[in-house]
Amino acid sequence: MTDLLDARLVVDRGTFRLDVHLRIAAGEVLALLGPNGAGKTTAMRALAGLEPLTAGHVRLGERELDRPDARVWTPTERRPIGVVFQDYLLFPHLSALDNVAFGPRRHGVDKRKARAEAADWLARVGLAEFAKRKPRQLSGGQAQRVALARALATHPELLLLDEPLAALDARTRLDTRVELQRHLAEHPGATLLVTHDPLDALVLADRLVVIEHGAVVQEGDAAAVTARPRTDYVARLVGLNLYRGHAADGGVRVADGLTLAVTDRVSGEAFVAFRPSAVAIFSERPEGSPRNVWQATVAGVQRHGDNLRVGLQGPIEAAADITPPAAAELGLTAGQRVWAAVKATETNAYPA
Amino acid sequence: MRRRRAPLALIVPALLGLLFLILPLVGLLYRTPWTTLPSRLTEPGILTALRLSLLTATVATLGCLVLGVPLAWLLARVSFPGRRLVRALVTVPLVLPPVVGGVALLLVFGRRGLIGEWLDSTFGITLPFTTAGVIVAEAFVAMPFLIIAVEGALRGADARYEEAAATLGAGRWTTFTRVTLPLVAPGVAAGAVLCWARALGEFGATITFAGNFPGKTQTMPLAVYLALETDLQAAIVLSLLLLFVSVVILASLRDKWISSA
């Protein structure tokens, strides 16, 4: 599959430097995931031509849109790129219909045809009867759909979505996510989804690129990224305990005095990951089968779904999920000394 | 719970201030010769002055809109070296005594002025002591009001709407006319009203630069001043009319534009 978008985005702003390489195929949805300040929005703005590149290039299809070292530059309004902004930025003085018709009008479509197309797009996102409403008369979810229709109405080759669901409440987010998934599947061009919500990324995207401090730290499909996180940020996103250490003889030395036994064959620098639910907590040192045992201090206890999540400190920091009855039996309090155990078969080890 | 009373130290000066603003208007209404008012209003001189005032103030405001809105946009949206200085220069006519403004206009646009001489010899255009001169004088004094109001509105408007317009294919001019201008329309309207009101009341620069010729450059404020020397009753009638016109137009525009902001 050839890539529709091929972009190396370098933006240097003194204290912050973004340098990422993004490739997206036609019809593919790529999620750009990262913590706040990682450079996600900067990358999106650079693609749209709202932020100048320091170096690198943006190629979309056959066209080179941006390449500073060859003095190639295409202004935002001439890039075949549609943007759904985080807070939508629907023009407050125009009706929903005229907001959607704005793009086609600027692309030379005559007024009547542009409004017919806009009505068609509004119908597709299920808002046909809201055409005459002004943006302030729309709910958050409706405004999000109008913004999507407005961006798609110009038939962009690349669609950029900046935290498209972040401004919505939890209930609306659920419905809108499903809706958005359907529209993204129908979009023939490439889609870049900027988000810090792993669920958005996992549900909506075909592939994930994780950036931290302006650089790509991991990329791959959802299964690969969630199974084998490579940074603490990704591990936290997908809810895994993650450690890095030196592997030898069926074990990975993750801290002084603690070598975790693993079943995967690895050697050299390696990661070990395991789920919080794989961690068992004992008040006395357990006898028998679990081979990975260490002494830890309870740092805190929080509700986590139906279970309790226990933060553990010791040779390694770990999260453990235990049932409320088990917690009651242990009588967990902060500062308490306990034993933590993980079976080797519950760990996942892979080269660093 | 006891309601907190506003302190007298604030209430008293506030009421005195209000009184100070209202009392002269009351005095004007009190001294108005109501019985002879209809006949006095239809005197030809009065209507001529009123028509000239409305015409020149309106044309001056339109001119200020054409030149002032782009200048306000430049100050609000484009960063260029010396922007602070330009902004300061724009407000100079605001603090300049209008008479000084009139003298300055004469020095530039007068028959022997820097540009006036060239205008006269090349195009045969003479500004001083003409109706066009009145418009120039009013525009000079009133334009800062418009620029400051529009620039404030532009700074307050979210520039990211303009980015959104660009992603939809709008160039800078289209963005300005289709997005920026509608967004700041209330601010532009408010600025235009202020500008118009200032132009309507303009006296010093007008009398200095354009003189006081009935039917040609004698606007209402000039007529009021002249009448005061000869016929107090006429001055009162003219003042009342000017007050009435200003209040009516301000009130109607306020309902239509400004309050909807």
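Remember, predicted model here, so these are calculated numbers, not experimental data.

Visitor: Could you give me a rundown of the environment of L5(A), with the residues and numbers involved?
Guide: All names here are of chain A. Within the fold, L5 resides in strand 1 (residues 3-12). For the pair formed by L5 and Q295, sequence separation is 290 residues and the distance between their alpha carbons is 50 Å. Those residues within four positions of L5 in sequence are excluded, and the remaining contacts are L22, R23, I24, L47, V58, R59, L60 and L158.

Visitor: Lay out the UniProt feature "domain: ABC transporter" (unreviewed entry) in chain A with the relevant residues and their values.
Guide: UniProt's feature table lists "domain: ABC transporter" (unreviewed entry) at residues 2-238 of chain A, given in the numbering used throughout. In residues 2-238 of chain A, helix accounts for 35% and strand for 27%; the two terminal C-alpha atoms are 30 Å from one another.

Visitor: Tell me about the packing of aromatic side chains, and name the residues and values.
Guide: The relative placement of two aromatic rings is captured by the distance of their centres and the angle of their planes. As enumerated under the stated definition, the model contains 9 aromatic pairs over all chains in all. Pairing Y243(A) with F274(A) gives two aromatic rings, centres 5.6 Å apart and planes at 35°, and the pair type is tilted. Here the residue Y243(A) occupies a position in strand 12 (residues 241-248), and F274(A) occupies one in strand 15 (residues 268-274), the gap between them amounting to 31 residues. Each member of the pair, Y243(A) together with F274(A), is buried. One aromatic cluster in this structure is built from F91(A), F102(A) and Y161(B). Here the basic side chain of R124(A) rests over the ring of W121(A), its NZ or CZ set 4.1 Å away from the ring centre. Above the ring of F213(B), the side-chain terminus of K216(B) is found at 5.7 Å from the ring centroid.

Visitor: Give me the lowdown on the confidence of the model for chain B, citing residues and values where you can.
Guide: On average, residues of chain B score 89 in pLDDT, and 96% of them are at 70 or above. No element of chain B has a lower mean pLDDT than helix 13 (residues 232-258) of chain B, at 79, and none a higher one than helix 9 (residues 160-167) of chain B, at 96.

Visitor: Any details on the packing of helix 4 (residues 140-152) of chain A against helix 5 (residues 170-186) of chain A? Residues and values, ideally.
Guide: All names here are of chain A. It is at 10 Å that the axes of helix 4 and helix 5 come closest, and there the two elements cross at 15°. In this view, helix 4 runs roughly parallel relative to helix 5, as classed from their interaxial angle. The chirality of how helix 4 crosses helix 5 is right-handed. Taking contact as the criterion, the partners of G141, Q144, R145 and L148 in helix 4 are, on helix 5, T172, T176, E179, L180 and H183. Residues of the contact of helix 4 with helix 5, tallied by class, amount to 2 nonpolar, 5 polar and 2 charged.

Visitor: Describe the pairing of strand 15 of chain A, with residues and values.
Guide: Residue and element names in this part refer to chain A. Of all 7 residues that make up strand 15, 5 are buried, and the element is covered over most of its length. Pairing of strand 12 with strand 15, which is carried by 7 bridges, proceeds in the antiparallel orientation. Pairing of L242 across the sheet is with A273, part of strand 15. One ladder, built from 4 bridges, connects strand 15 with strand 21 (residues 348-351); its direction is antiparallel. By the bridge assignment for strand 21, A273 is matched with N348.

Visitor: Go over the UniProt feature "transmembrane region" (unreviewed entry) in chain B, please, and point to the residues and values.
Guide: All names here are of chain B. As annotated in UniProt, the feature "transmembrane region" (unreviewed entry) corresponds to residues 55-76, 88-109, 129-150, 179-199 and 232-253 in the numbering used here. In residues 88-109, helix accounts for 86% and strand for 0%; the two terminal C-alpha atoms are 23 Å from one another. Its end C-alpha atoms 29 Å apart, residues 179-199 is made of 100% helix and 0% strand.

Visitor: Outline empty space enclosed by the protein, listing residues and values.
Guide: All names here are of chain A. Counted under the stated rule, the structure contains 1 cavity of 30 Å³ or more. The space that makes up the largest cavity amounts to roughly 40 Å³. Forming the boundary of the largest cavity are L33, P198, L202, L208, V225, T226, V234, L237 and V238. Per element, the largest residue contribution to the lining of the largest cavity is 3 residues, and it comes from helix 8 (residues 232-238). When its residues are assigned to classes, the lining of the largest cavity shows 8 nonpolar, 1 polar and no charged.

Visitor: Describe the interface of chain A and chain B, naming the residues involved and giving the relevant values.
Guide: The partner chain B presents 18 residues to the 19 residues of chain A that form the contact. When the buried area of chain A at its contact with chain B is split by residue, E77(A), L89(A) and R106(A) rank highest and sum to 31% of it. Counting the contacts that link chain A with chain B gives 2 salt bridges. Of the charged contacts, one joins R45(A) and E163(B) as a salt bridge, the two residues approaching to 2.8 Å between their closest N and O atoms. Counting across the chain A and chain B interface gives 4 residue pairs in polar contact (both at pLDDT 80 or more). Where the side of chain A that touches chain B is concerned, the elements lending two or more residues are strand 7 (81-84) and helix 2 (96-106) of chain A. With 3 residues, helix 2 of chain A is the largest single contributor of residues to the side of chain A that touches chain B. Split into classes, the residues belonging to the side of chain A that touches chain B amount to 9 nonpolar, 5 polar and 5 charged.

Conventions we followed
In every chain, residue numbers begin from 1 and rise along the written sequence. To read the labels, note that chains go from A and ligands from 1, taken in the order they are written. At least 70 in pLDDT is required for a residue's local features to be given in this predicted model, at least 80 for side-chain atom pairs to be given and counted, and no such filter applies to totals for whole chains, interfaces and linings, which use all residues. Side-chain metrics in this entry use all non-hydrogen atoms of the structure; hydrogen atoms and water are not considered. In this description a helix means any DSSP run of H or I spanning at least four residues, a strand means any run of E spanning at least two, and both kinds are numbered starting from the N terminus. When checking whether two residues touch, look at their non-hydrogen atoms; a contact exists if any pair is within 4.5 Å. UniProt positions are given in the numbering used here, feature names are shortened, and annotations may be inferred rather than shown by experiment. Only the six-membered ring of Trp is used, alongside the rings of Phe and Tyr, when aromatic pairs are assigned; centres must lie within 6.5 Å, and planes under 30 degrees apart are stacked while those over 60 apart are edge-to-face, with the rest tilted. Summary of the burial criterion: residues with accessible area below 20% of their type's maximum are buried, those above 50% are exposed, and those between are partly exposed, where the area comes from a 1.4 Å probe applied to protein chains only. Placement of a charge over a ring requires the Lys NZ or Arg CZ to be within 6 Å of the ring centre, with the centre-to-atom vector within 35 degrees of the ring normal. The predictor reports its confidence for every residue as pLDDT, a score running from 0 up to 100. Axis angles are defined between N-to-C directions and span 0 to 180 degrees, where every axis is a line fitted to C-alpha atoms and, for a helix, only to the segment in contact. Working rule for angles: under 35 degrees goes down as roughly parallel, over 145 as roughly antiparallel, 65 to 115 as roughly perpendicular, anything else as oblique. For a crossing to be left-handed, the near helix must be turned anticlockwise from the far one by less than a right angle; the clockwise case is right-handed. Under the convention adopted here, Pro, Cys and the residues Ala, Val, Leu, Ile, Met, Phe, Trp and Tyr are nonpolar, Asp, Glu, Lys and Arg are charged, and Gly plus all remaining residues are polar. Two strands are said to pair when DSSP picks up at least two bridges between them. In this analysis, the protein atoms alone were mapped onto a 1 Å grid. Cavities are point sets where a 1.4 Å probe fits without being able to get out; pockets are open sets with protein on both sides within 12 Å along at least five of seven lines; lining residues have an atom within 4 Å of a point. Grid points are joined across faces, edges and corners, and a volume is the space filled by probe spheres set on the points. Defined here as a combined quantity, buried area equals the accessible surface (1.4 Å probe) lost by two parts on assembly, summed across both. What makes a salt bridge here is a side-chain nitrogen of Lys or Arg within 4 Å of a carboxyl oxygen of Asp or Glu, nothing more. Under the rule applied, a polar contact is a pair of N or O atoms within 3.5 Å (in protein, one hydrogen donor and one hydrogen acceptor; residues adjacent in sequence only if both atoms are side-chain atoms).

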